[in-house]
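# Breakdown of the fold
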Amino acid sequence: MSSNPQYLSGNEIRNIFLDFFAQRGHQILPSASLVPEDPTVLLTIAGMLPFKPIFLGQRTPEFKRATTSQKCIRTNDIENVGRTKRHQTFFEMLGNFSFGDYFKEQAIAWGWEISTQVFGFSPNNLVVSVFEDDDQAFEIWRDQIGVSVARIKRLGADDNFWALGPTGPCGPCSEIYYDFHPERGDENIDLEDDSRFIEFYNLVFMQYNRDVSGNLTPLQNKNIDTGMGLERMAQILQKVPNNYETDLIFPIIQTAAQIAGIEYHSSDEKTKISLKVIGDHVRSVVHMIADEIRASNVGRGYVLRRLIRRVVRHGRLIGISGEFTTQVAESAIALSESAYPNVRQREAAIKAELEREESNFLRTLDRGEKLLEEIIEEVKQQGNAQISGESAFTLYDTYGFPLELTQEIAEENNLTVDEVGFDAEMQKQVERAKAAHETIDLTVQGSLDKLAEHIQVTEFIGYTQTATTAKIEVLLVNGVSQEQVEAGTEVQIVLDQTPFYAESGGQIGDRGYISGDGILVRVEDVKKESDFFVHFGRIERGTLRVGDTVTAQIDPACRRRAQANHTATHLLQAALKKIVDDGISQAGSLVSFDRLRFDFNCPRALTAEEVQQIEEQVNTWIAEAHTAKVEVLPLAEAKARGAVAMFGEKYGEEVRVIDFPSVSMELCGGTHVSNTAEIGIFKIISEAGVASGVRRIEAVSGPAILDYLNLRDKVVKDLSDRFKVKPEELPDRITSLQSELRNSQKELETLKAQLAIAKSDSLLQTAESVGDYKIIVAQLEGVDPESLKSAAERLLQKLGNGAVVLGSVPEEGKVSIVAAFSPEVNKKGLQAGKFVGAIAKICGGGGGGRPNLAQAGGRDASKLPEALAQAESELKSALG
């Protein structure tokens, strides 16, 4: 074989790999979500992760052999992205897997075959590594494959022994490396030299089980887990210097460069690094949002937010001043949609999330960067090499500037950040928040001004009182302090004491009124800023002044609704633990006036029977009229008594315990009924998954039940009137309509297929002879992609030796193109996948497939005639 393998696109490499193993009995499975089922990891980090339960013996495989192209994300070495040739956060891992079927000998043989015979690598360009004690693998490579001993390297456990964890399935692995400089000879081969070698294929031989003592025993069913890096293969086959300049990433980089008004290849190294970061990270965020990850400050949501922020900041570094992320996201979506259609299906959500995060972060950048520039200049003038923890904390606390961003910018200026000092400042803030009499900063509704008022923290008396007299300590309008505020104004009020519950623990804030002599304020919400309760409302009449004495009165009806729903969430959690699994834990909640929402960790959906049992159990406890016992206890004592705490929540030394004896005991600061009978009734509305391993129950209770029933009754009456049937006859009527619709759809599909065949048959007489071949290039109106593919295959079969290229516009904004080539045409050097992919680019799309049959898509229907004309011209040129 030639030492110069043929150029292949990323899509072609993926399809060739999957087809190779499909032809050898492997089931092609779709990529799993980036949100893994495995609760021990935030994101899907390896191609084998979706199969981990099989390797652990927890799940029986549906297939003995499988092959996948798995999208993965790793951010553990994010700082190296753009700086090295092949560090990425997002990458695709091609893999073939055997679950107790073939093993070492076959895996090695196929690994060599696809590398040399399919992808065209010369054996002179390949080096393999084996585990130092794996004589069997060494002998297979040497004796059966014929690799010279000089090009088989034995490496230690750090490089060539793989394990799922400290215990469990594990085994040696063998890696295949591409040698860019075989002319340097076989002496002193150093596989760590990444200027010469790149590891592109890892074969893991899972053959042992390791116990807690470290002892290895052979597995009864030996498994194969392999991984071939798609981006690395593209780098080799496309003969580019790094992964970023492959067709999988470079179009994104070019889009960013165009927005910035620069050219990648003529840019300096620093600019290239920023462009590479943008290219890599945009791929990551597009796929993360497509898999329904939302930006937040915790978990995988924080990973997403951090990646978006790095994209925005590196955009600024190359001269992009405005918002641009949706434009580069469009490029990433177009590159990925043929292999991962969900990125196009979720396009609106992806762009909306990017717009929101970019807009918010640009404001943060504007404020923080200016101050950080001043800090860096001051540090350098003083001859120091470190930004103080106090300065870094001011950036974080006042301007929302993330610590890791301060560290990143500091590193670019050859400075460090005092992390210990930063942590100390953070701890001081926590201690300040606990102090009762202290100067505190109140910032409301994003005001840039810091408002410091020397006042006492708000005393909350709402557990026992629904109304009280209070003194106005602070008046704010749009976050700015005022001495007096007139009627008609939206205002924020801080009182010295209040019966209003402030939003926390999932429970929304109380509603009600603040009144006085000629004064009335309607309070719509209450939030906590440190230990101060901020009442958000509108002055209906009168003038408010700082120091006024007023009456604060909550809306008792709203409070009763919130109390009922909050206690119902406690009973719901207790019922889940009793009926489903005692290990269930809360993952979030919402308690409002009209409903409740409870998120919990559970790896599976609840059955309909379980949902019914939970609902019945909660209603039983309600009917039994359990009286609440409320105590404030030391945290250790509360936990010793069995009180349930929310995972990840921080508690003080003393905690409030809500106990309904023999039913539920939880740590909670919310408001509750004094007896479960006050709830009245409880009804589950829905149960569904919201994230990997997280389920959500929505329900109503107490007075809100009537609202729910009235709404349901209205809907049922409306449907009954529309369908002209009794309410009890609705299910049968809807089932009948669904059946009619399905039959109509089947008839429509049949007619479409028949029409496509009829249209295509009429094209036979238009076939042109080009040398020894016959070609048909034509547009069929309104034919869907599947029917177009069938038509192309049918025409080629009738033509015999030749080529067929068909195009169609199945719906507005979508173009479909199919190419079918006979084996004789393939021998002329034409491959359908590569051919149709290039043609589709004219219509703003792309695609690929097998050498004999391939399909592509596009978005610009106006360019389809031009694309087909180009196809005809190229076929005539190549075949004539």
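Just so it is clear, the structure is predicted and the values come from calculations on it, not from any experiment.

Criteria and cut-off values
Residues numbered from 1 in each chain as written. Predicted model: local features only at pLDDT ≥ 70, side-chain atom pairs only at ≥ 80, totals over all residues. Heavy atoms only, no water. Phe/Tyr/Trp six-rings, centres within 6.5 Å; stacked < 30°, edge-to-face > 60°. Helix = DSSP H or I, 4+ residues; strand = E, 2+ residues; numbered from the N terminus. Buried < 20%, exposed > 50% of the residue type's maximum accessible area, 1.4 Å probe, protein only. Lys NZ or Arg CZ within 6 Å of the ring centre and 35° of its normal. Pairing = 2+ DSSP bridges. Axes fitted to C-alpha atoms, helices over the stretch in contact; angles between N-to-C directions. 1 Å grid on protein atoms, 1.4 Å probe; cavity = no way out; pocket = protein on both sides within 12 Å on 5 of 7 lines; lining within 4 Å. Points joined across faces, edges and corners; volume = space filled by probe spheres on them. Nonpolar A, V, L, I, M, F, W, Y, C, P; charged D, E, K, R; others polar. pLDDT = per-residue confidence, 0-100. Contact = heavy atoms within 4.5 Å. Salt bridge = Lys/Arg side-chain N within 4 Å of Asp/Glu carboxyl O. Expected span 1.5 Å × (residues − 1). Polar contact = N/O pair within 3.5 Å; in protein donor to acceptor, adjacent residues only side chain to side chain. Parallel < 35°, antiparallel > 145°, perpendicular 65-115°, else oblique. Left-handed = near helix turned anticlockwise from the far one by under 90°.

## Things to note about the packing of aromatic side chains
Counted under the stated rule, the structure contains 21 aromatic pairs. Between F460 and F533 the ring centres are 5.6 Å apart and the planes differ by 15 degrees, which places this aromatic pair in the stacked class. One end of the pair, F460, is in strand β14 (residues 459–460); the other, F533, is in strand β22 (residues 532–541), with 73 residues separating them in the sequence. A relative accessible area of 7% means that F533 is categorised as buried. The lysine or arginine in question, R154, covers the ring of F138, its NZ or CZ lying 4.4 Å from the ring centre. It is K272 that lies over the ring of Y264; its NZ or CZ is 5.3 Å from the centre.

## Considerations on the sheet that holds strand β27 (residues 629–634)
With antiparallel pairing, three strands are arranged side by side in an open sheet as β27-β28-β29. Each having just a single partner strand, β27 and β29 (664–667) make up the two edges of the open sheet. Put simply, the sheet's adjacent strands are angled 25 degrees from each other on average, direction ignored.

## Some points on the pairing of strand β34 (residues 802–811)
Among the ten residues in β34, seven count as buried, and that is most of the element. Bridge count for strand β33 (residues 773–779) against β34 is six bridges, and the pairing is parallel. Each bridged residue has a counterpart across the sheet, and for A778 the counterpart in β34 is L806. Note: β34 against strand β35 (residues 814–821), seven bridges, orientation antiparallel. The residue bridging A803 from the neighbouring strand is F821, located in β35.

## A closer look at empty space enclosed by the protein
This model, assessed by the stated rule, comprises two cavities of 30 Å³ or more. Size it by volume and the largest cavity reaches roughly 70 Å³. Lining the largest cavity are R306, R309, R310, F361, P402, E404, L405 and E408. Split into classes, the residues belonging to the lining of the largest cavity amount to three nonpolar, no polar and five charged.

## Details of the pairing of strand β18 (residues 490–495)
Here β18 lies mainly inside the structure; five of its six residues are buried. Inspection of the sheet shows β18 paired to β22 by five bridges, in the antiparallel sense. Within β22, the position partnered with E490 by the bridge is R538.

## Comments concerning the confidence of the model for the protein
Confidence in the prediction of the protein, expressed as mean pLDDT, is 88, and 95% of residues score 70 or more. Below pLDDT 50 for its whole length, residues 433–453 participates in 46 contacts with residues either more than four positions away or in separate chains.

## Quick look at the side chain of T325
Counting through the fold element by element, T325 comes out in helix α10 (residues 325–336). The class of T325 is buried, set by a relative accessible area of 2%. T325 has contacts with V311, V312, L354 and E358, leaving out every residue within four places of it along the chain.

## What about the pattern of salt bridges?
The full count for this structure, using the stated rule, is 42 salt bridges. The residue E490 makes a salt bridge to R538 at a minimum N-O spacing of 3.3 Å. Of this pair, E490 sits in strand β18 while R538 sits in strand β22, placing them 48 residues apart in sequence. One network of salt bridges, in which partners are shared, links E330, E337, R344, E347, K351 and R859.

## A few points about helix α21 (residues 785–799)
Look at α21: 21 Å from first C-alpha to last across 15 residues, which is about the 21 Å you get at 1.5 Å a residue. Packed against the buried residues of α21 are α20 (730–761), β33, β34 and β35. Where α21 begins, one side-chain oxygen reaches toward the backbone nitrogen of E786, 3.2 Å away; that side chain belongs to D784. Within two residues after α21, G800 carries a phi angle of roughly 85 degrees, on the positive side.

## Describing the packing of helix α1 (residues 10–22) against helix α3 (residues 104–118)
The geometry of a pair of packed helices is captured by two quantities: the angle between their axes and the separation between those axes. Relative orientation of the contacting elements α1 and α3 amounts to 130 degrees, with a least axis distance of 12 Å. Between α1 and α3, the angle is such that the two are oblique. Relative to α3, α1 is oriented so that their crossing is right-handed. Within the contact between the two elements, α1 uses I16, F17, F20 and F21 and α3 uses W110, E113, I114 and V118. Partitioned by chemical class, the residues of the contact of α1 with α3 number seven nonpolar, no polar and one charged.

## A short note on the sheet that holds β34
The six strands lie next to each other as β32-β33-β34-β35-β37-β36, forming an open sheet whose pairing is mixed. Looking at strand neighbours, the two that pair on one side only are β32 (768–770) and β36 (846–849), the edges of this open sheet. The average undirected angle you get between the axes of adjacent strands in this sheet is 20 degrees. This element, α21, spans β33, β34, β35 and β37 (853–858) of the sheet and lies at about 160 degrees to β34.

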